[in-house]
Amino acid sequence: MTTRGWYKERTLTTVDTVGREVPVTTGLTRDPEGRLVAAIAISDGPTAIYRHSGDTGDRTELVANLTATAKELRGLADAPPR
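Within any chain, residue numbers begin from 1 and follow the written order of that chain's sequence. Per-residue local features are limited, in this predicted model, to residues with pLDDT of at least 70; the limit for side-chain atom pairs, both in listing and counting, is 80 or more; totals at the level of whole chains, interfaces and linings are taken over all residues. To get the side-chain values, take all heavy atoms of the structure and skip hydrogens and water.

(A) Inspection of a nonpolar patch on the surface at higher detail. For patch building, the residue pool is restricted to those with more than 30% relative accessible area and no salt bridge; the joining distance is 9 Å between like charges and 5 Å between nonpolar side chains (Val, Leu, Ile, Met, Phe, Trp, Tyr). The accessible surface values rely on the Shrake-Rupley method and a 1.4 Å probe; as for residues, cover is taken only from the protein chains in view. When a carboxyl oxygen of Asp or Glu is within 4 Å of a side-chain nitrogen of Lys or Arg, the pair counts as a salt bridge. There is a patch of nonpolar side chains on the surface, built from Tyr 7, Leu 28 and Leu 36 and spanning about 270 Å² of accessible area. Strands here mean DSSP runs of E at least two residues long; helices mean DSSP runs of H or I at least four residues long; both are numbered from the N terminus. In this fold, Tyr 7 is placed in strand S1 (residues 7-15). Note on exposure labels: buried denotes an accessible area under 20% of the residue type's maximum, exposed denotes more than 50%, and partly exposed covers the range between, all computed with a 1.4 Å probe on protein chains only. A relative accessible area of 43% means that Tyr 7 is categorised as partly exposed.

(B) Fine view of the side chain of Thr 25. Checked against the element boundaries, Thr 25 lands in strand S2 (residues 21-30). The class for Thr 25 is buried, based on a relative accessible area of 0%.

(C) View of the pattern of salt bridges. Enumeration over the complete set of coordinates arrives at three salt bridges. Of the charged contacts, one joins Asp 31 and Arg 35 as a salt bridge, the two residues approaching to 2.7 Å between their closest N and O atoms. Across the pair Arg 35 and Glu 33 runs a salt bridge, and its minimum N-O distance is 2.9 Å. The class of Glu 33 is exposed, set by a relative accessible area of 56%. Salt bridges sharing partners connect three or more residues here, namely Asp 31, Glu 33 and Arg 35.

Given below as structure tokens:
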């Protein structure tokens, strides 16, 4: 994947659901109105802006959703088989 031209761009490699390596990029970029925003992109797919509640002390909704999903996974992984 080529650089997206973001500020503070960070890319890590993980795997998709079929085991192929895929880059995930996070960073700062500009929205259509020119405001500086946090964003995420998977491989060469579209860019998604992190939405947040407006309070700079709060986690973004994306981070909150990821945290909730990880907790659900841990809970299900610890559950006895059905």
